[in-house]
Amino acid sequence: MIKDITIGQYFPGHSPVHRMDPRMKLILTIFYIVILFVVSNPFGFIPAVLFLGFAYGVSKIPIKMIAKSIKPILPIIIFTGVLNLLFIDGENVLFAAGPIHITVQGIYTSLKMALRLVLLIAGTSLMTYTTSPISLTDAIEQLLSPLKKVHFPAHELAMMMSIALRFIPTLVEETDKIMSAQKARGADMESGGLIQRAKALIPIMIPLFISAFRRAEELALAMECRCYHGGEGRTRMKQLRYTGVDFAALGVVTGLLLVIILLNIVPMPFLDWLM
């Protein structure tokens, strides 16, 4: 399962989504997150799903990558769905046993929250799949640059976020190697109770932390050797520029938001029993 973690990975390509300005991709990702939380009825998810499927198709990122990005957080999605299923009250009770009441409203809320989380992860993953860490750093820094007037460390924050995102795949690969090495030495990590399994992770966590600190020290030394001193006077080989594709994508996402707001406003009496 650990090999399926794709958070922070970048897949090079030449699709229109890859060529978009990273600042616009970051803005559109935030817009899409807002759209997902604006949806208040089942029909609002239809255009959101269609838009995300279209974006993945244009970017030529395999759909199976959605499953890989969702797989690590699947327990959280299931846990959230079960909580909403058991603790949402409603008038249409389908099952009752003591304090447990399963209602139509609870099922609807559970499915809505699960779908919202899936779309949220898939939408944000598309940005990292199609944007290199360096481009993402430049985008975050330029979007936060107005805050420099109040002495906000925009460059340092962008650099830290980029480095953290970049090292996620590296640490995942390192964890897999350590686990394989420990299993080859006879370590048992899959049997026993919860406490025993947690204790079995200690031989993994200690070398992983040592490796992470060593990599951080090597990175700091490499940056010092290259005379890195922050964002002051820093130049860029590639200058960020908005193109027609960026504004077209912004128009599509804005239209999507208006459509979902319209769907929320239009009365749908046949959905009242779900609310």
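Being a predicted model, the structure only gives us computed values, none of them experimental.

Participant: Lay out the environment of lysine 68 in plain terms, naming residues and giving numbers.
Facilitator: Note that lysine 68 resides in helix 4 (residues 64-70). What makes lysine 68 partly exposed here is its relative accessible area of 30%. Sequence spacing of lysine 68 and alanine 122 is 54 residues, and the spatial spacing of their C-alpha atoms is 9.6 Å.

Participant: So what's going on with the pattern of salt bridges? Which residues, and what values?
Facilitator: Enumeration over the complete set of coordinates arrives at 2 salt bridges. Taking the shortest distance from any N to any O, the salt bridge between aspartate 21 and arginine 23 comes out at 2.9 Å. Both residues of the pair, aspartate 21 and arginine 23, belong to the buried class. The residue arginine 215 makes a salt bridge to glutamate 174 at a minimum N-O spacing of 3.1 Å. In this pair, arginine 215 is assigned in helix 10 (residues 202-225) and glutamate 174 in helix 8 (residues 154-184), connecting sequence segments 41 residues apart.

Participant: Outline the nonpolar core, listing residues and values.
Facilitator: Core analysis: the largest hydrophobic core is formed by 26 residues, its most contacted members being Tyr32, Leu52, Tyr56 and Leu119. Listing elements by their share of this core, those giving two or more residues are helix 2 (22-38), helix 3 (42-59), helix 4, helix 6 (104-130) and helix 11 (244-265). Excluding its chain neighbours within four sequence positions, the residues that come into contact with leucine 52 are Tyr32, Leu119, Ala122, Gly123 and Leu126. Membership of the second largest hydrophobic core comes to 5 residues, among which are Leu26, Met127, Ile140 and Ala158.

Participant: Could you give me a rundown of the packing of aromatic side chains, with the residues and numbers involved?
Facilitator: As enumerated under the stated definition, the model contains 3 aromatic pairs in all. Their ring planes at 80 degrees and their centres at 5.2 Å tell us that phenylalanine 11 and tyrosine 129 sit as a pair that is edge-to-face. Taken together, the positions of phenylalanine 11 in the segment before helix 1 (16-19) and tyrosine 129 in helix 6 put the pair 118 residues apart, joining distant regions of the chain. Taking the relative accessible area as the measure of exposure, phenylalanine 11 reaches 25% and is therefore partly exposed. Here the guanidinium or amino end of arginine 23 rests over the ring plane of tyrosine 242, the centre of that ring lying 4.2 Å away.

Participant: Go over the packing of helix 3 against helix 6 with me, naming the residues and quoting the values.
Facilitator: Helix 6 packs onto helix 3 with a crossing angle of 25 degrees between their chain directions and a minimal axis gap of 11 Å. It follows that helix 3 is roughly parallel to helix 6 by the angle criterion. The handedness of the crossing between helix 3 and helix 6 comes out as left-handed. Each of Pro42, Phe45, Ala48, Val49, Leu52, Ala55, Tyr56 and Ser59 in helix 3 lies in contact with helix 6, whose residues at this interface are Tyr108, Lys112, Leu115, Arg116, Leu119, Ala122, Gly123, Ser125, Leu126, Tyr129 and Thr130. Split by residue class, the contact of helix 3 with helix 6 holds 13 nonpolar, 4 polar and 2 charged.

Participant: Tell me about helix 10, residues and numbers included.
Facilitator: Counted at 1.5 Å a residue, the expected span for helix 10 with its 24 residues is 34 Å, and the 35 Å between its end C-alpha atoms agrees. Residues of helix 10 that are buried include every one of Ile204, Leu208 and Ser211, and no others. Within two residues after helix 10, cysteine 227 carries a phi angle of roughly 60 degrees, on the positive side.

Participant: Before we move on, could you go through the environment of alanine 55 and cite the residues and values that matter?
Facilitator: Mapping alanine 55 onto the fold places it in helix 3. Exposure remark for alanine 55: the relative accessible area of 11% places this residue in the buried category. C-alpha separation for the pair alanine 55 and valine 17, spaced 38 residues apart in sequence, amounts to 7.6 Å. What alanine 55 contacts, discounting residues up to four positions off in sequence, is Val17 and Leu126.

Participant: Which residues make up helix 3, and what values go with them?
Facilitator: Given 3.6 residues per turn, any residue in an α-helix points the same way as the ones three and four places further on. With 18 residues, helix 3 ought to run about 26 Å at 1.5 Å a step, and its terminal C-alpha atoms sit 27 Å apart, in line with that. The set of residues buried in helix 3 consists of Gly44, Phe45, Pro47, Ala48, Leu52, Ala55, Tyr56 and Ser59. On its buried face, helix 3 sits against helix 1, helix 2, helix 4, helix 6 and helix 11. Structurally, the start of helix 3 carries an N-cap: the backbone nitrogen of phenylalanine 43 is 3.0 Å from a side-chain oxygen of asparagine 41. Phi turns positive one or two residues past the end of helix 3, at lysine 60, with a value near 60 degrees.

What counts as what
- Residues numbered from 1 in each chain as written.
- Predicted model: local features only at pLDDT ≥ 70, side-chain atom pairs only at ≥ 80, totals over all residues.
- Heavy atoms only, no water.
- Helix = DSSP H or I, 4+ residues; strand = E, 2+ residues; numbered from the N terminus.
- Buried < 20%, exposed > 50% of the residue type's maximum accessible area, 1.4 Å probe, protein only.
- Salt bridge = Lys/Arg side-chain N within 4 Å of Asp/Glu carboxyl O.
- Core = buried A, V, L, I, M, F, W, Y, C linked by side-chain atoms within 4.5 Å.
- Contact = heavy atoms within 4.5 Å.
- Phe/Tyr/Trp six-rings, centres within 6.5 Å; stacked < 30°, edge-to-face > 60°.
- Lys NZ or Arg CZ within 6 Å of the ring centre and 35° of its normal.
- Axes fitted to C-alpha atoms, helices over the stretch in contact; angles between N-to-C directions.
- Parallel < 35°, antiparallel > 145°, perpendicular 65-115°, else oblique.
- Left-handed = near helix turned anticlockwise from the far one by under 90°.
- Nonpolar A, V, L, I, M, F, W, Y, C, P; charged D, E, K, R; others polar.
- Expected span 1.5 Å × (residues − 1).
- Polar contact = N/O pair within 3.5 Å; in protein donor to acceptor, adjacent residues only side chain to side chain.

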